[in-house]
Amino acid sequence: MFITLEGGEGSGKSVQVEFIKNFFLEKKKEVLVTKEPGGTDIGRKLRKILLSPESKNLSHMAELLLYLADRSQHLKEVIIPALKSNKIVICDRFFDSTVVYQSFVRGLDLNLINTIHNAILEGIEPDLTILLDVDPKIGLLRAKAQIQNGQRSVSESRFEDETLKFHQKVREGFLALSKKNDKRFKVVDASKTIEEVQNDIISILKNIVK
Ligand code: TMP
């Protein structure tokens, strides 16, 4: 089973990924937790380039191709082998982030993105995508607080430096995508407390692991 988590900055994905992992571990399932960008050694190098504020001159197309390079390596090295050995794979961001950030927000050609995805995905699609939806006014405050208290490195803050308008467009993009793919997506209100969000996630997971 392949589960992905999506959402804007400060939506709480990392905490909830751990929570979902523990949910399955308690059920004695084999779980693999991973993330994009940066789920492989090569990907971690790409992540540094992609998220560093020093990369402010990165063109939109170069940015897209680096995310796709990260994904291609990640699928081959980590995701596909884990799914083949029947593990539950939980991935913090996946292809929906590219559709939203690079196409819906940055304006790159969705057909091009779909074509490259078809070439690298080998038919893999998440069985479930949990969208942690939060107003970016709240999300950005949380994300910036994490940078200030050292929970997140300043060297990964290129997207946090984008405008509120940019992040509002990200939210709009994810919500539009969730409506288009309403069988795969479950939207959770991530403005609630961590415990409330976890309860919502438990209800979703209980429904799929009957
Ligand atoms: P995160 O791992 O802390 O969520 O940060 C990853 C950042 O990269 C986040 O701002 C969203 C962005 N991103 C894209 O723009 N496109 C992508 O395909 C992915 C996976 C992430």
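Residues numbered from 1 in each chain as written. Predicted model: local features only at pLDDT ≥ 70, side-chain atom pairs only at ≥ 80, totals over all residues. Heavy atoms only, no water.

Colleague: Explanation requested: the site of the ligand in the structure shown.
Modeller: Residues in close proximity to the ligand total 15 residues, the closest being Tyr67, Arg93, Thr98, Gln102 and Arg152. In the model, an oxygen atom of the ligand is placed 3.2 Å from a nitrogen or oxygen of the Arg71 side chain. Contacts to the ligand include Gln102, whose side-chain N or O atom sits 2.8 Å from a nitrogen atom. A total of 480 Å² of accessible area belongs to the ligand in isolation, and the protein chains cover 96% of it. At the level of secondary structure, the elements contributing two or more residues to the shell around the ligand comprise helix H2 (41-51), helix H3 (60-84) and helix H4 (95-105). Sort the elements by how many residues they give to the shell around the ligand and H4 lands first, with four residues. (Near = heavy atom within 4 Å. Polar contact = N/O pair within 3.5 Å; in protein donor to acceptor, adjacent residues only side chain to side chain. Areas by Shrake-Rupley, 256 points an atom, 1.4 Å probe, with all protein chains shown as cover. Helix = DSSP H or I, 4+ residues; strand = E, 2+ residues; numbered from the N terminus.)

Colleague: Is there a simple way to explain the sheet that holds strand E2 (residues 31-35) in this structure?
Modeller: The strands that make up a sheet pair up through hydrogen bonds in the backbone, lying either parallel or antiparallel. Reading across the sheet, the five strands line up as E2-E3-E1-E4-E5 and stay open at both edges, with parallel pairing between neighbours. Where the open sheet ends on each side, the last strands, each with one partner, are E2 and strand E5 (185-189). The average angle at which neighbouring strand axes cross in this sheet is 20°, direction not considered. By the bridge criterion, five bridges tie strand E4 (residues 128-133) to E5 in an arrangement that is parallel. From the neighbouring strand, Leu131 faces E5, where its bridge partner is Val187. The strands that H3 touches are strand E1 (2-7), E2 and strand E3 (88-92); relative to E2, the one it contacts most, it runs at about 160°. On the sheet, helix H7 (residues 164-180) packs against E1, E4 and E5 and is oriented at approximately 145° with respect to E4. (Pairing = 2+ DSSP bridges. Axes fitted to C-alpha atoms, helices over the stretch in contact; angles between N-to-C directions. Contact = heavy atoms within 4.5 Å.)

Colleague: How should I be thinking about the nonpolar core in this particular structure?
Modeller: Nonpolar side chains tend to gather and get buried jointly when the protein is soluble and globular. Formed by 19 residues in total, the largest nonpolar core has its most connected members in Ile20, Phe24, Ile90, Ile130, Leu132, Ile201 and Leu205. Only E1, helix H1 (13-26), E3, E4 and helix H8 (194-208) provide two or more residues apiece to this core. Those residues in contact with Ile130 that sit more than four places away from it in its chain are Thr4, Leu5, Glu6, Ile20, Lys186, Val188 and Ile201. Formed by 16 residues, the second largest nonpolar core is a distinct cluster that contains Tyr67, Val99, Tyr101 and Leu131. (Core = buried A, V, L, I, M, F, W, Y, C linked by side-chain atoms within 4.5 Å. Buried < 20%, exposed > 50% of the residue type's maximum accessible area, 1.4 Å probe, protein only.)

Colleague: Sorry if this is basic, but what is going on with the environment of Met1 here?
Modeller: Looking at the secondary structure, you find Met1 in the segment before E1. Met1 sits in the partly exposed class, given a relative accessible area of 34%. As for Met1 and Leu128, which are separated by 127 residues in sequence, their C-alpha atoms are 8.4 Å apart. Excluding its chain neighbours within four sequence positions, the residues that come into contact with Met1 are Leu83, Lys87, Ile88, Val89, Asp127 and Ile208.

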